[in-house]
Structure formats: C-alpha cells, structure tokens
Amino acid sequence: MAAIADNAAAPLLRIRDLRKSFGSHEVLKGISLEVRAGEVVSIIGASGSGKSTFLRCINVMEMPNEGFFDFEDFAFDFRAGARNQPTPAQLRALRARIGMVFQSYNLWPHMTVLENVIEAPMRVKRLARAEAVAIAESLLERIGLADKRGAYPSRLSGGQQQRVAIARALAMKPRLMLFDEVTSALDPELVGEVLALMASLAQEGMTMLLVTHEIGFAREVSTRTVFFDQGRIAEDGLPRDVLYRPQSERLQQFLRRVLHEHVATSAAREAHP
Ligand SMILES: Nc1ncnc2c1ncn2[C@@H]1O[C@H](COP(=O)(O)OP(=O)(O)OP(=O)(O)O)[C@@H](O)[C@H]1O
Ligand SMILES: [Mg+2]
C-alpha cells in the first residue's frame, strides 16, 4: 500500500505552460496538466482545439515552443536557449517509454502481425529476437489474435489492426500510453472490441491519456476528464462532473453537439443497417 500511496503523491507527468505555434498560429496557449501513475485522463474538445497537437507534444513528436516538462527522470525546459532543452538521445529514450496509438493504425503493411510487434523492441531496445517474440506472443494471446501472428495487416479487420497497433505499443512496456481517437476510423460494430481492450488496460493500472468522442466510454473508463477549448484547458475534473455537469456554455454546446452526432449516426445505422 505504501508504494501505491507514494505513486499517488508524485505525478508521473507534469506539464506547465506548454505552448506550441505553427508559424504565427498559436495552437496550444499555455497548457498545464499533471498526471499521476494509474490515472486515466480523457481529453475532449472541438476539432482544431489542439488535442492531437498536445498528445504529440507529450512524446515530443512535435517540439513545443515553450513549457516545462517532467516525466519520470526527464526534466525539460522547451524555451529557446534554455539549458535543459531535450537532447536527441533523451528524446529517443523518452519516446521508448511513451506509447502512442493513432486513429489510423499505421501498421507496417509489408510485415506480418508478429513482425510489427517485435520490430521496435528489437530495433530500439535491442532485445534478442526470442525475447521480443515471447513478449509479442503473450500480447497477441491477450488481444485474442494469437492465430493471426503470420498474417499481413491487410488481411485483418480494422478493429483487429487497431488491437495489433495497441499491442505493438505495449510491447515496449511503456509507462504512459497516449490514444488519439483510436476508434474514429472504425466501423461501428468494431469499436467495442478496441474500447474493451483499452478498458482492460485502464483496469490494470496503465496510465493513459486518451482523446475520444465516446462520451460514455470516457465516463466509464477515465478517472478524470479535461476539456480543450481553443488551445487551453477550459475544464478539468471528475468525468461525471465535466461530462454531465459542464460549467461553461462552450462545454455545454460541445457536449450537445457530440450527443446529437451520436444520436444521428445511431439513427442512420438503424435506417441502413
Ligand atoms: N503540422 C501542422 N502544421 C500547421 N498547422 C497544424 C499542424 N498540426 C496541427 N495544426 C493546426 O493546429 C490546430 C490544432 O490541430 P489539432 O490536430 O491538434 O486539433 P484536434 O483538437 O486534434 O482536432 P481534431 O478533433 O479534428 O482531431 C489546427 O488548426 C490545425 O490546423
Ligand atoms: Mg486530433
């Protein structure tokens, strides 16, 4: 219990005043967020509010213009000329500890399922092939796709490909997982299997940040919800408060729209099954 209490006390990820511009367009206008180990933070917000850019800044696929960043033993100051700007070696090490899964699964099409999952552990972590295969086999077992190990991604359904993409990220044994609308490109009947996998990860204590439009899923799985509005965090709290008792007019509008779209797609599905 003591270890859990310690974990709960110290944030795993601490971001302060993060800013990101593309040219003169400031997309992130000073984001501060602390995430403790085991927290599952859902991120909601309108298109263009900066959600994906924020996730990409966390694993520094996108270099922020300003901000302070602490993750495990990394401490960066992104301001130009700052002494502890990240070095290329630190960035590689950081990315190896943060898993990211996107809307488009991006599996390598010329590699089998198994090869997709063992590639990064072998290349980045320099694991021996047998060790990487053992990790991959247990992950494929877990996601129910052990029998697809020799298949190429094009032979899998979208839901299966997305589960493999999650397994591929997990094979690196990340300390933090970032999910960016991972079910948005899926046919409705395939959404459930991917959400179920994410829910089981959350239940096991994986620390996760997930951008989602699945309000019910966010309510069920996340421990916290933040609402992005025009490059700022406008609300941050318990899912049941943020999602069902929104304070700002902007969030109320956003939730009405998402709910409306959801009802509209469900109705369309029923009309044209
Ligand atoms: N590489 C880039 N170059 C220029 N502008 C960019 C780039 N990436 C994102 N942007 C701009 O930053 C803004 C935020 O984009 P972002 O993708 O983070 O939004 P989002 O909240 O994820 O939206 P969505 O819900 O549609 O995915 C948008 O105006 C977008 O056009
Ligand atoms: Mg996005």
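Residues numbered from 1 in each chain as written. Chains lettered and ligands numbered in written order. Predicted model: local features only at pLDDT ≥ 70, side-chain atom pairs only at ≥ 80, totals over all residues. Heavy atoms only, no water.

1. Concerning the site of ligand 1
Part 1 of the reasoning: Inspection of the region around ligand 1 gives 13 residues, with S47, G48, K51, S52 and T53 positioned closest.
Part 2 of the reasoning: A distance of 2.6 Å separates an oxygen atom of ligand 1 from a polar atom in the side chain of S47.
Part 3 of the reasoning: A distance of 3.5 Å separates an oxygen atom of ligand 1 from a polar atom in the side chain of E181.
Part 4 of the reasoning: Protein chains bury 62% of the 640 Å² of accessible surface belonging to ligand 1 in isolation.
Part 5 of the reasoning: Breaking the shell around ligand 1 down by element, the ones donating at least two residues are β2 (25-36) and α2 (51-58).
Part 6 of the reasoning: Residue contributions to the shell around ligand 1 peak at 4 residues, all from α2.
Part 7 of the reasoning: A per-class count over the shell around ligand 1 returns 3 nonpolar, 7 polar and 3 charged. (Near = heavy atom within 4 Å. Polar contact = N/O pair within 3.5 Å; in protein donor to acceptor, adjacent residues only side chain to side chain. Areas by Shrake-Rupley, 256 points an atom, 1.4 Å probe, with all protein chains shown as cover. Helix = DSSP H or I, 4+ residues; strand = E, 2+ residues; numbered from the N terminus. Nonpolar A, V, L, I, M, F, W, Y, C, P; charged D, E, K, R; others polar.)

2. Some details on the nonpolar core
Part 1 of the reasoning: Membership of the largest hydrophobic core comes to 43 residues, with the highest contact counts inside it found for V101, V164, I166, M177, F179, M198 and M208.
Part 2 of the reasoning: Of all the elements in the fold, those that place two or more residues in this core are α4 (113-123), α5 (129-142), α6 (158-170), β7 (176-180), α7 (188-203), β8 (208-211) and α8 (215-221).
Part 3 of the reasoning: Per element, the largest residue contribution to this core is 8 residues, and it comes from α7.
Part 4 of the reasoning: Residue contacts for I166: discarding those within four places in its chain leaves V101, M177, F179, V194, L197, M198 and L201.
Part 5 of the reasoning: Counting residues in hydrophobic clusters, the runner-up holds 31 residues, among them L13, F78, L91 and F228. (Core = buried A, V, L, I, M, F, W, Y, C linked by side-chain atoms within 4.5 Å. Buried < 20%, exposed > 50% of the residue type's maximum accessible area, 1.4 Å probe, protein only. Contact = heavy atoms within 4.5 Å.)

3. Focus on the pairing of strand β3 (residues 40-45)
Two faces make up the sheet, and in a regular strand the side chains alternate between them.
Part 1 of the reasoning: The buried fraction of β3 is high, at 6 of 6 residues.
Part 2 of the reasoning: The alternating pattern of β3 places V40, S42 and I44 on one face and V41, I43 and G45 on the opposite face, and all of these are buried.
Part 3 of the reasoning: With 4 bridges joining them, β3 and β8 adopt parallel strand pairing. Bridge pairing links S42 to L210 in β8.
Part 4 of the reasoning: Sheet topology places β3 next to strand β9 (residues 224-229); 5 bridges connect them, and they run parallel. For I43, the partnering residue across the bridge sits in β9 and is V226. (Pairing = 2+ DSSP bridges.)

4. Here we look at the sheet that holds strand β6 (residues 98-101)
Part 1 of the reasoning: The strand order β6-β7-β8-β3-β9-β10 describes an open sheet built from 6 strands, whose pairing is mixed. For this open sheet the edge positions go to β6 and β10 (232-237), each flanked by a neighbour on one side alone. Averaged over all adjacent pairs, the angle separating strand axes in this sheet is 20°, with direction ignored.
Part 2 of the reasoning: The strands touched by α6 within the sheet are β6 and β7, with β6 carrying the most contacts at an inclination of about 170°. (Axes fitted to C-alpha atoms, helices over the stretch in contact; angles between N-to-C directions.)

5. Remarks on α4
Structurally, the α-helix is built with 3.6 residues per turn, so residues lying three or four positions apart point the same way.
Part 1 of the reasoning: What α4 keeps buried is the set V113, L114, N116, V117, I118, A120 and P121.
Part 2 of the reasoning: Turning to α4, the residues buried within the fold contact α5 and α6.

6. Concerning the packing of aromatic side chains
Part 1 of the reasoning: Under the defined criterion, the tally for this structure stands at 6 aromatic pairs.
Part 2 of the reasoning: On the basis of an interplanar angle of 35° and a centroid distance of 5.7 Å, the ring pair of F227 and F254 is categorised as tilted. Of this pair, F227 sits in strand β9 while F254 sits in helix α10 (residues 249-271), and the two are 27 residues apart along the sequence. The exposure classification of F227 matches that of F254, with both residues buried.
Part 3 of the reasoning: Three or more aromatic residues link up through ring pairs in this structure, and these residues are F69, F74, F76 and F78.
Part 4 of the reasoning: Sitting over the ring of W108, R168 keeps its end group 4.5 Å from the ring centre. (Phe/Tyr/Trp six-rings, centres within 6.5 Å; stacked < 30°, edge-to-face > 60°. Lys NZ or Arg CZ within 6 Å of the ring centre and 35° of its normal.)

7. A short note on the packing of α6 against α7
Part 1 of the reasoning: Between α6 and α7, the least distance of the axes is 8 Å, while the angle of their chain directions is 20°. The angle between the axes of α6 and α7 places the two elements in the roughly parallel class. As for the relative orientation of α6 and α7, their crossing is right-handed in sense. Contacts between α6 and α7 pair G158, G159, Q160, Q162, R163, I166 and L170 from the former with L190, E193, V194, L197, M198 and L201 from the latter.
Part 2 of the reasoning: Taken together, the residues that form the contact of α6 with α7 break down as 7 nonpolar, 4 polar and 2 charged. (Parallel < 35°, antiparallel > 145°, perpendicular 65-115°, else oblique. Left-handed = near helix turned anticlockwise from the far one by under 90°.)

By themselves these figures say nothing about function.
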